[in-house]
Every structure is written in C-alpha cells, then in structure tokens.
Amino acid sequence: MQGILLVNLGSPKTPTAKDVKPYLGEFLMDERVIDMPYILRALLVKGIILNTRPKKSAEAYKKIWWPEGSPLIVISQRQHKKVQQKVDIPVELAMRYGEPSIKTGLAALHAKGVDDVLMIPLYPQFAMATTETIDVLAEEVRQKHFPAMKVTSFPAFYNKKEYVDALAHSIQSHLEGYDYDHIVFSYHGVPERHIRKSDVTKGHCKIDGSCCVTASKAHDFCYRHQCLETTRQVVEKLNIPTDKYTNSFQSRLGADKWLQPPTDATVNGLAEKGIKKLAVVTPAFVADCLETLEEIGMEAHEEFIKHGGEEFRTIPCLNEDEMWIDALVTWIKEWQNK
C-alpha cells in the first residue's frame, strides 16, 4: 500500500528558552548542519551556543508565535490537511527536528498498512543541512524500525514547472499594486564548503560565477545553482528586468565563508543606493517561519528603513497557496501511477 510523508524542518514546542534549548541542540549537533568533528561540534554547541543562544532565540520566536503555535508547524499541518483531502492514499507529516518526528510519521503510515512511501522533503533546493539530513535519518529509521518498508525520497523541485508556476504566481499576486523599485530573492545561507562537499564530480563547483551556469551533474546536488536557477526561471516568467532583482543569502552562523552576498548587507546597501520601495521573497522555504517572519519581515524591514528606505514588502512563502498544494498533489499522483 502506498503512502506519503511530508517532512519540514521543525520547531521548538514553545517560545521559551527551556524548549528552544533542546531543539537547538538537536538541530546544531546534526553533523550535516555543523560539519565538524564531533568533539569540536560538541564544544561549540554544548559549550558555547546552548549557554547563550536559547534565550535570544526564544525572544525572537515570541515575536512571531501564533495563538495556535509555531507558524511553521501550523502552516505545515494545514498543508498536510489540504493535500490529504485531494489524494486517496494516507498522508502523514513529520519534522526533521522536534515533533512529530520522522519515526512518528513512518510509524503512523505503517499502522495504516503502508509499505511503500514517497517522502517529500519540503525544501525546493537540495542542501546537506536540509534534504540530505532528512534522507539520511529516514533511512536510519527505516532500517531500524521498518525494514520491510520502501521509502523513496522526492528530489529537489527547484526547477519543476508546477513549483515555479506557483512561486511566480504568488509573487505576482503579492506585488499587485505595489510599484517596487527592486526585489531581493533571499535564500537560506550555507557555508561554501557545503557546496564543494555536495559536488558529485569532485571538481566542478568553484563558486566562481561560471560553474553554476555551466552544465554539470553537480547541479543535481548544488544548492547555489538551484537557488540561482529558481530565480532565473521566476524572473523570466514574470519579465523582471535584470537591474530590478538581486539574489542573496541569509542566516549566517560562525566565522566560516558563507555564500555571498549576505541578505542584511544587500538590503541595507540597496537602501543606501536610493532604493525606496523594496520587496523580499524567500524561495528556500515553503512555509513561513522564524527566518522569514522575524529575520526578514521584522529585522530586515527595520534596517532597510534605518538606511534610507521607505517601503518594504515581505512576500509570504507559498504556505497554503492552492497552486502549491496542487503541485504537491500532481507529483504524488504521478508517483502513484508509475
């Protein structure tokens, strides 16, 4: 029997330091998030970050927390419900960190008689710290607890027509009536070394401005290429001139070299150059979360105004957009009928 497992990032149970700390601990101790030897990672995370960051992060979560709970969880639950209403096989929801866990999701499907699972990591672009860590954990859980179950992971959908169409339509609808000067496509940041580690050719990715536009098998697992390609297809569909948009990367951590340019410096620099009306879209996420609601919708907005900007519009993630739900349903039905 077939079934679907939708998987997103996860969230603390509550916006308190008490619940943020174990969530951050699970997240940052993942070797595909902070990819350094265990001892060094433990010293950094358990010795420094978890003693200082939970309180600050909890305050940020409080700013965006909904009465129903974490926006990411609530939106994901709504996506799950809408998808289930449109397909005739069981659908479950899981989170890579926190609850409901991947084990919980697979167990729920198993209890319904499912032995053939299509797992859909809810990340448009592949990255070590998102798609890959979901795939690795799901396989560990499957082998240990559900060895007879088949789990197929849906590949990155950054360039799939249904996703690009839904994203372009959403951006266009939220920009209607807004005579923006510039639009920033802000993607979640990753260290440059993650790009090189994911290079299956072991030599293509130079991050030099040319490799992402030169055809290669590396692109199947290159986060930077996939981000730039998402933007390229969307701006082409919406006829956005080259001088009216910029790609950037947000949420840096530590002193390592991360993908450039950073979103904060990009937004501030545009304001200083005379851009008065700015729109920001975050295509690395399909559900609004701390990074979109607080980091962009609040922090970046405030800084843009401080640096001379006048109007700032945050374009919501796809969330419950019907075209996005229909995209998921289309991919599920195609898999069912293979």
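Residues numbered from 1 in each chain as written. Predicted model: local features only at pLDDT ≥ 70, side-chain atom pairs only at ≥ 80, totals over all residues. Heavy atoms only, no water.

1. A word on the packing of helix α6 (residues 161-175) against helix α11 (residues 322-336)
Interhelical geometry of α6 versus α11 gives an angle of 175 degrees and a closest axis separation of 9 Å. Relative to α11, the element α6 lies roughly antiparallel. Residue-level contacts link Glu-162, Tyr-163, Asp-165, Ala-166 and His-169 of α6 to Met-323, Trp-324, Ala-327, Thr-330, Trp-331 and Glu-334 of α11. In terms of residue class, the contact of α6 with α11 is made up of six nonpolar, two polar and three charged. (Axes fitted to C-alpha atoms, helices over the stretch in contact; angles between N-to-C directions. Helix = DSSP H or I, 4+ residues; strand = E, 2+ residues; numbered from the N terminus. Parallel < 35°, antiparallel > 145°, perpendicular 65-115°, else oblique. Contact = heavy atoms within 4.5 Å. Nonpolar A, V, L, I, M, F, W, Y, C, P; charged D, E, K, R; others polar.)

2. Some words on the nonpolar core
Ile-4, Leu-5, Ile-120, Ile-171, Ile-183, Tyr-223 and Trp-324 are the most contacted members of the largest nonpolar core, which totals 96 residues. Counting contributing residues per domain, this core is built from domain 1 (2-156) and domain 2 (161-314), each supplying no fewer than three. With residues up to four places along the chain from it excluded, the contact list for Ile-4 reads Ile-89, Pro-90, Val-91, Glu-92, Leu-109, Leu-118, Ile-120, Ile-332 and Trp-335. Core analysis: the second largest hydrophobic core is formed by eleven residues, Val-267, Ala-271, Leu-278 and Phe-312 among them. (Core = buried A, V, L, I, M, F, W, Y, C linked by side-chain atoms within 4.5 Å. Buried < 20%, exposed > 50% of the residue type's maximum accessible area, 1.4 Å probe, protein only. Domains from an automatic or database assignment.)

3. A short note on empty space enclosed by the protein
Taken as a whole and judged by the stated rule, the model has two cavities of 30 Å³ or more. Here the largest cavity is characterised by a volume of approximately 50 Å³. Around the largest cavity, the lining residues are Phe-126, Ala-127, Met-128, Val-190, His-194, Ile-195, Ser-198, Phe-221, Cys-222 and Tyr-223. Considering only residue class, the lining of the largest cavity consists of eight nonpolar, two polar and no charged. Two domains each donate at least three residues to the lining of the largest cavity, and these are domain 1 (2-156) and domain 2 (161-314). If you add up the space inside the second largest cavity, you get close to 30 Å³. Across the lining of the second largest cavity, the residue classes break down as eight nonpolar, one polar and no charged. (1 Å grid on protein atoms, 1.4 Å probe; cavity = no way out; pocket = protein on both sides within 12 Å on 5 of 7 lines; lining within 4 Å. Points joined across faces, edges and corners; volume = space filled by probe spheres on them.)

4. Section: the pattern of salt bridges
Enumeration over the complete set of coordinates arrives at 23 salt bridges. Between Arg-96 and Asp-30 there is a salt bridge whose closest N-O contact spans 3.1 Å. Of this pair, Arg-96 sits in strand β2 (residues 91-97) while Asp-30 sits in the loop between α1 (17-28) and α2 (38-64); the two residues are 66 residues apart in sequence, bridging distant segments of the chain. Among the residues examined, Asp-30 registers a relative accessible area of 7% and is labelled buried. A salt bridge links Glu-303 to Lys-306, with the nearest nitrogen and oxygen atoms 3.6 Å apart. Within this pair, Glu-303 and its partner Lys-306 are both found in helix α10 (residues 290-306), separated by three residues, close to a single helical turn. (Salt bridge = Lys/Arg side-chain N within 4 Å of Asp/Glu carboxyl O.)

5. Looking at the pairing of strand β3 (residues 116-121)
Taken across its six residues, β3 has six buried, putting it largely inside the fold. Of the two faces of β3, the one lined by Asp-116, Leu-118 and Ile-120 and the one lined by Val-117, Met-119 and Pro-121 are each fully buried. Sheet analysis places strand β1 (residues 2-10) next to β3, joined by six bridges and oriented parallel. Counterpart to Gly-3 in the pairing with β3 is Val-117. A crossover links β3 with its parallel partner strand β4 (residues 150-153), the connecting element being helix α5 (residues 128-145), and its sense is right-handed. (Pairing = 2+ DSSP bridges. Right-handed = clockwise from strand over helix to strand, strands pointing away.)

6. Some words on the sheet that holds strand β7 (residues 277-281)
Spatial ordering of the open sheet is given by β6-β5-β7-β8, a layout of four strands whose pairing is parallel. Of all strands in the sheet, those bounded by a partner on one side alone are β6 (245-250) and β8 (311-315). On average, adjacent strands in this sheet sit at an angle of 25 degrees to one another, irrespective of strand direction. As paired elements, β7 and β8 share five bridges and run parallel to each other. Opposite Ala-279, over in β8, you have Arg-313 as the bridge partner. Relative to β8, α6 is tilted by about 150 degrees, and along the sheet it contacts β5 (182-188), β7 and β8. Packing against the sheet, helix α9 (residues 263-272) makes contact with β5, β6, β7 and β8, and its axis sits at approximately 145 degrees to β6.

7. Digging into the domain arrangement of the protein chain
Along its sequence, the protein chain is carved into domain 1 (2-156) and domain 2 (161-314). With 24 residues of domain 1 in contact, the opposing surface of domain 2 contributes 23 residues. Interface of domain 1 and domain 2: buried area, both sides summed, is about 2000 Å²; carbon and sulfur atoms make up 67% of it. On the domain 1 side of the contact with domain 2, Asp-35, Gln-125 and Phe-126 bury the most area, a combined 30% of that side's loss. (Buried area = accessible area lost by both parts, 1.4 Å probe.)

8. Remarks on the sheet that holds β1
Taking strand neighbours across the sheet as the criterion, the four strands line up as β2-β1-β3-β4 in an open arrangement whose pairing is parallel. The open sheet has two free edges, formed respectively by β2 and β4, since each of these has just one partner strand. Here the strands of the sheet are splayed against their neighbours by 30 degrees on average, with no regard to which way each runs. Each of β1 and β2 is contacted by helix α3 (residues 71-86), which is oriented at about 155 degrees to β2, the strand it contacts most. Sitting on the sheet, α5 is in contact with β1, β2, β3 and β4, with an inclination near 155 degrees to β3.

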